[in-house]
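Structure assessment
The residues making up each chain are set out below.
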Amino acid sequence: MSDQHSTHGAHGFETLAIHAGQEADPQTGAVVTPIYQVSTFKQDGVGGLRGGYEYSRSANPTRTALEENLAALDGGRRGLAFASGLAAEDTLLRTVTKPGDHIVIPNDAYGGTFRLFSKVLSRWGVEWSVADTHHAEQVRAAIRPNTKVVWVETPSNPLLGIADISALAHIAHEAGAILVVDNTFASPYLQQPLALGADVVVYSTTKYMGGHSDVVGGALVTDDAALGEELAYHQNAIGGVAGPFDAWLVMRGIKTLGVRMDRHSSNAARVAEFLQSHPKVAQVLYPGLPEHPGHEIAAKQMRAFGGMVSFRHKDGEEAAVQVCNRARLFTLGESLGGVESLIEHPGRMTHASAAGSALEVPADLVRLSVGIESIDDLLADLSEALK
Ligand SMILES: *Cc1c(COP(=O)(O)O)cnc(C)c1O
């Protein structure tokens, strides 16, 4: 595999998104990396591999193109593509922890991430405790002698909390732990965790990276070459890799990531403003609002504030559920980050598995993934749904 830092270092983000890892096909000149839908590769004599390819769990040219692209976008030495965000997280956690180790996890996180810690890893003797990652001092207080990982999601899902990545990197490193940032909500276009001191960046590429609600995938990026090797070893040993077609779809999505994120962010800002002045809305959670408690840190570490907006309904849970049921253009569904707008009730849908835990979400909460449709149509739909 070629050095992922290679020739693109001097280029801007949008150029890297379209070109990094994606030279024209050497055999045919195809401008787009082909889908190498193949499991095994002919060897020129025993052990004579062409370009290092042997078996597609270990490496596949379409996946390699995506992995080099992912590394370039986050400014890391190594990018790895997985079958889902959770497959990426599982591989990471089994690479960097062993029984008896401790992880600090956020009090606001994707429900599936919490389930992985609380229901799966805990059975293998990995301890975890919850800290309010939006207050760096509370993370410091949660650290134990056996803490190996500090995990943070910023902006967080679904409460849109903001954590100070450089402060947390400092605290984690002082304790001899690594900082992992789930950058799914921001994408590398809006936020660059490695440059802020994080050790590993995690993505559900299902969301903004894919961007079209047509693929499930995950990724890890690190600038630590040795850790990158260990992660690649476990990626192959555990086997939760991205298939060639899925890798191709994510790559196709990434080419327009920058323009999509700009529009997601400007549409979401308008939606947040609209909700703020609506009489049925008790609170709007959007880091772009000056009164959001994390606004200043978000402004410091993000290029724009992203496409996710949550709000609390004044009339409580049933009213919040009714808004979700009544929206038309905002499609009722889980997931996020696609070009189309989605609406959901986290308490009963994406975050149902956090019920009764420190990560339980308010029952009157509605989460919006603001798409890139015409903004006037989106506002009209919300206005109707809130009536
Ligand atoms: C969706 C999501 C995940 C999990 O990713 P999958 O691709 O669904 O496995 C992890 N973190 C965040 C923030 C997510 O939104």
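On a predicted model such as this, the values are computed, not experimentally measured, just so you know. Per chain, residues are indexed from 1 in the order of the written sequence. At least 70 in pLDDT is required for a residue's local features to be given in this predicted model, at least 80 for side-chain atom pairs to be given and counted, and no such filter applies to totals for whole chains, interfaces and linings, which use all residues. The side-chain quantities take in all heavy atoms of the structure and omit both hydrogens and water.

A closer look at the confidence of the model for the chain
Close inspection of predicted coordinates is inappropriate in any region flagged by low pLDDT. Residues with a pLDDT of 70 or more make up 98% of the chain, whose mean pLDDT is 95. The element-level mean pLDDT for the chain is lowest in helix α4 (residues 111-120), coming to 91, with strand β7 (residues 218-222) highest at 99. Across residues 1-7, confidence stays below pLDDT 50; counting only partners more than four residues off in sequence or on other chains, it has 14 contacts. The pLDDT value expresses, per residue, how confident the predictor is, ranging between 0 and 100. What counts as a helix is a DSSP run of H or I of at least four residues, what counts as a strand is a run of E of at least two, and both are numbered from the N terminus. Contacts: residue pairs with any heavy atoms within 4.5 Å of one another.

Focus: the layout of surface pockets
Using only the protein atoms, space was sampled on a 1 Å grid; points where a 1.4 Å probe fits but cannot get out form cavities, open sets with protein on both sides within 12 Å along at least five of seven lines form pockets, and lining residues are those with an atom within 4 Å of a point. Grid points are joined across faces, edges and corners, and a volume is the space filled by probe spheres set on the points. Reported here for the second largest pocket is a volume of approximately 470 Å³. Looking at the second largest pocket, it is lined by 20 residues, and the ones nearest its centre are L159, G161, L285, H292 and P293. Among the elements that line the lining of the second largest pocket, the one with the most residues is strand β8 (residues 281-285), at 3 residues. For the lining of the second largest pocket, the residue count by class is 8 nonpolar, 8 polar and 4 charged. Domain segmentation is taken from an automatic or database assignment of domains. A domain split of the lining of the second largest pocket shows at least three residues from each of domain 1 (13-254) and domain 2 (258-385). Three classes are used, and their members are as follows: Ala, Val, Leu, Ile, Met, Phe, Trp, Tyr, Cys and Pro are nonpolar, Asp, Glu, Lys and Arg are charged, and the others, Gly among them, are polar.

Considering helix α13 (residues 375-385)
Only protein chains enter the area calculation, which uses a 1.4 Å probe; residues under 20% of their type maximum are buried, those over 50% are exposed, and those in between are partly exposed. What α13 keeps buried is the set I375, L378, L379, D381, L382 and A385. Along the long axis of α13, the arc covered by the buried residues comes to 160 degrees, so they all point the same way. Packing partners of the buried residues in α13 comprise α10 (257-276), α12 (317-326) and β12 (365-369). The directions from the helix axis to the C-beta atoms form the arc being described.

Digging into the domain arrangement of the chain
Under the domain assignment used here, the chain contains domain 1 (13-254) and domain 2 (258-385). A separation of 25 Å is found between the C-alpha centroids of domain 1 and domain 2. Residue-level contacts link 38 residues of domain 1 with 42 residues of domain 2. The term buried area means the drop in 1.4 Å probe accessible area that two parts suffer when joined, counted for both and summed. A buried area of about 3,200 Å², summed over both sides, lies between domain 1 and domain 2, and 62% of it is on carbon and sulfur atoms. Looking at the side of domain 1 facing domain 2, the largest losses of area belong to Y189, L190 and Y208, adding up to 25% of the total buried there. Each salt bridge in this description consists of a side-chain nitrogen of Lys or Arg and a carboxyl oxygen of Asp or Glu lying within 4 Å of one another. At the boundary of domain 1 and domain 2, one finds 1 salt bridge. A salt bridge links D164 to K300; the shortest N-O distance between them is 3.6 Å. Between N or O atoms, a polar contact is any pair within 3.5 Å; within protein, one atom must be a potential hydrogen donor and the other a potential acceptor, and residues adjacent in sequence are included only when both atoms are from side chains. Where domain 1 packs against domain 2, one counts 15 residue pairs in polar contact (both at pLDDT 80 or more). Contributing elements (two or more residues each) for the side of domain 1 that touches domain 2: α1 (13-19), α4, α7 (187-190) and α9 (244-254). Top contributing element to the side of domain 1 that touches domain 2 by residue count: α7, with 3 residues. Taken together, the residues of the side of domain 1 that touches domain 2 break down into 21 nonpolar, 13 polar and 4 charged.

Looking at the sheet that holds strand β2 (residues 102-106)
Strand order in this open sheet of 7 strands is β1-β7-β6-β5-β4-β2-β3, and the pairing throughout is mixed. For this open sheet the edge positions go to β1 (78-82) and β3 (127-131), each flanked by a neighbour on one side alone. On average, adjacent strands in this sheet sit at an angle of 20 degrees to one another, irrespective of strand direction. All axes are obtained by fitting lines to C-alpha atoms, using only the stretch in contact for helices, and the reported angles, taken between N-to-C directions, cover 0 to 180 degrees. Contacts from helix α2 (residues 61-73) reach β1 and β7 within the one sheet, and its direction differs from that of β1 by about 130 degrees. Two strands are counted as paired when DSSP detects at least two bridges linking them.

Describing the pattern of salt bridges
Throughout the structure, instances matching the rule amount to 17 salt bridges. With its nearest N and O atoms 3.2 Å apart, the salt bridge here joins R63 to E67. You can see R63 and its partner E67 sitting in helix α2, 4 residues apart, about one turn around the helix. Neither R63 nor E67 differs from the other in exposure class; each is buried. As a salt-bridge pair, D101 and K148 come within 3.0 Å of each other at their nearest N and O atoms. Of this pair, D101 sits in the loop between α3 (85-96) and β2 while K148 sits in strand β4 (residues 147-153), and the two are 47 residues apart along the sequence. In this structure K148 comes out as partly exposed when scored by relative accessible area, which is 29%.

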